[in-house]
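The primary structure of each chain is shown beneath.
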Amino acid sequence: MRVLAVETSCDDTSVACVDDTMVRSNMVSSQVDLHAHFGGVVPELASRAHLTNVLPVTQVALEAAGWKLDDVQAVAATAGPGLIGAVLMGLTFGKTLAWSLDVPFVGVHHIEGHILANDIEEPMALPAVVLVVSGGHTETVYVPRAGVYEHVGRTRDDAAGETFDKTAKLLGLGYPGGPILEKLARSGRPEQFTLPRALWKRGDLDFSFSGLKTAVRLAVEGLGEVTQQDRCDVAWALQDVVVSTLVEKTRRAINAHRGSHDEELRGVYLAGGVAANGPLRDQFGRLAAQEGLTFRPPALAYCTDNAAMIGWAARTRLLAQTGDPLDLPAFARAPLASWRNAED
Ligand code: KG4
Ligand code: ZN
């Protein structure tokens, strides 16, 4: 099955060609420069850029895979969640292409794509607990098998990636904030700032990052003039709190699962843009070893938004089920577990 996949849920226009066994091409046209000036993604600009970019990116993806349009046997696109105008661009393009080629169409939940990105290079060890952590999402998900998802813990306010992005903006750094702060943190001195850990009391599975964001703002305002060393020290403190919180909450999700399910857990995985973070990947490796679970840090190209993960999720579904009707709606928000569970 040769699937052409489109992902336009936020600020990257991505098109990939995926077959039964591997990703043949995965092209991403980044809009980072377009939005950097504003310190975050401007939804209307993102939609317009997708409209301009989606055809040329599709052409390049087909060429890189060595495919012609006639080789495409199914088309997939992200149906949500995301910026609704941006999602609509890729979804409408994908449906139109499927209709004109007379091939099946598959709508994919963006978070399912992030999770199954872990399955691209080697099959995932399932059942698994997956930490999904990006600019819009922070949640732990129990995955007994591909297509079935149960939420364990979730953020009650901001996403972890958003905390990196807002802090970078506050410090006058660029966008996206995560990679910039990770780099600065390498020159940061430990323990220069004390930042709060929210929902830390025993057994709490949820996340909360809005208090942390406020604490960072107060700490920076208290400095008066902000030096480069201050920026590095703030980056160190923020990364330390965020990473240790993500790891601790994942450990709790594993324990909660073990206390309530009969099936034995086999894997623990990381998904989403923040999964590119080096210290988080290292600490996940240690967590997996302590808990006796399989973990492979996902390839960097499959952490941040990309269409290969959407194609892989569509391919996985098409191996077992049929495609979607062409009136499948776009959505801005919907939990993965209730959107379209294989067990529904
Ligand atoms: O998955 P993604 O590309 O888009 C969303 O679906 O949100 O994730 C983007 C997020 C941004 O918040 C960005 O700052 C964060 O991932 N990110 C990182 C790193 N690379 C990207 N956060 C921490 N460390 C990184 N190295
Ligand atoms: Zn994403």
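Residues numbered from 1 in each chain as written. Chains lettered and ligands numbered in written order. Predicted model: local features only at pLDDT ≥ 70, side-chain atom pairs only at ≥ 80, totals over all residues. Heavy atoms only, no water.

Below, the discussion takes up the pairing of strand S6 (residues 128-133). In terms of residue burial, S6 counts as a mostly covered element, since 6 of its 6 residues are buried. Of the two faces of S6, the one holding Ala128, Val130 and Val132 and the one holding Val129, Leu131 and Val133 are both buried throughout. As defined by bridge partners, S6 adjoins strand S7 (residues 138-145) across 6 bridges and the pair is classed as antiparallel. Pairing of valine 130 across the sheet is with valine 141, part of S7. The loop that links S6 with its antiparallel partner S7 comprises 4 residues. Here S6 pairs with strand S9 (residues 267-271) via 5 bridges, running parallel. When the sheet's bridge partners are listed, alanine 128 is paired in S9 with glycine 267. (Buried < 20%, exposed > 50% of the residue type's maximum accessible area, 1.4 Å probe, protein only. Helix = DSSP H or I, 4+ residues; strand = E, 2+ residues; numbered from the N terminus. Pairing = 2+ DSSP bridges.)

Moving on to the side chain of histidine 50. Of note, histidine 50 is situated in helix H2 (residues 43-65). From its side chain, histidine 50 meets the backbone oxygen of threonine 8 in a polar contact 3.2 Å long. Leaving out residues up to four positions away in the same chain, histidine 50 has contacts with Thr8, Cys10, Asp11, Asp12, Thr13, Gln31, Ala86 and Met89. (Polar contact = N/O pair within 3.5 Å; in protein donor to acceptor, adjacent residues only side chain to side chain. Contact = heavy atoms within 4.5 Å.)

This paragraph deals with the side chain of threonine 78. You can see threonine 78 is positioned in strand S4 (residues 74-80). On the basis of relative accessibility, which here comes to 3%, the residue threonine 78 falls in the buried class. Of the polar contacts made by the side chain of threonine 78, one reaches the side chain of glutamate 7; its length is 2.5 Å.

Here we come to the domain arrangement of the chain. Its domain assignment divides the chain into domain 1 (3-116 + 301-319) and domain 2 (125-298). Taken over C-alpha atoms, the centre of domain 1 sits 26 Å from the centre of domain 2. On the domain 2 side, the residues contacting the 16 residues of domain 1 number 19 residues. A per-residue breakdown of the area domain 1 buries against domain 2 is headed by Ile111, Ile115 and Cys303, which together make up 40% of the total. Where domain 1 packs against domain 2, one counts 0 salt bridges. Our count for the domain 1 to domain 2 interface comes out at 2 residue pairs in polar contact (both at pLDDT 80 or more). Those elements that place two or more of their residues in the side of domain 1 that touches domain 2 are helix H1 (32-36) and helix H4 (110-116). With 5 residues, the top contributor of residues to the side of domain 1 that touches domain 2 is H4. (Domains from an automatic or database assignment. Buried area = accessible area lost by both parts, 1.4 Å probe. Salt bridge = Lys/Arg side-chain N within 4 Å of Asp/Glu carboxyl O.)

So, about the nonpolar core. Judged by nonpolar contacts, the single largest core of 43 residues is most densely connected at Leu246 and Leu280. At the level of secondary structure, the elements contributing two or more residues to this core comprise S6, helix H5 (160-170), helix H6 (177-185), helix H7 (210-221), helix H8 (228-260), S9 and helix H9 (278-291). Broken down by element, this core gets its largest block of residues, 12 residues, from H8. Apart from the residues lying within four places of it in its own chain, the contact partners of leucine 280 are Val133, Val243, Leu246, Val247, Leu270, Val274 and Ala275. Within the second largest apolar cluster, 35 residues are counted, among which are Ala16, Val23, Tyr269 and Ile310. (Core = buried A, V, L, I, M, F, W, Y, C linked by side-chain atoms within 4.5 Å.)

We now examine the packing of H6 against H8. H8 packs onto H6 with a crossing angle of 105° between their chain directions and a minimal axis gap of 7 Å. By the angle class used here, H6 and H8 are roughly perpendicular. Contact residues: H6 offers Leu181, Glu182, Leu184 and Ala185, while H8 offers Gln228, Arg231, Cys232, Ala235, Trp236, Leu238 and Gln239. (Axes fitted to C-alpha atoms, helices over the stretch in contact; angles between N-to-C directions. Parallel < 35°, antiparallel > 145°, perpendicular 65-115°, else oblique.)

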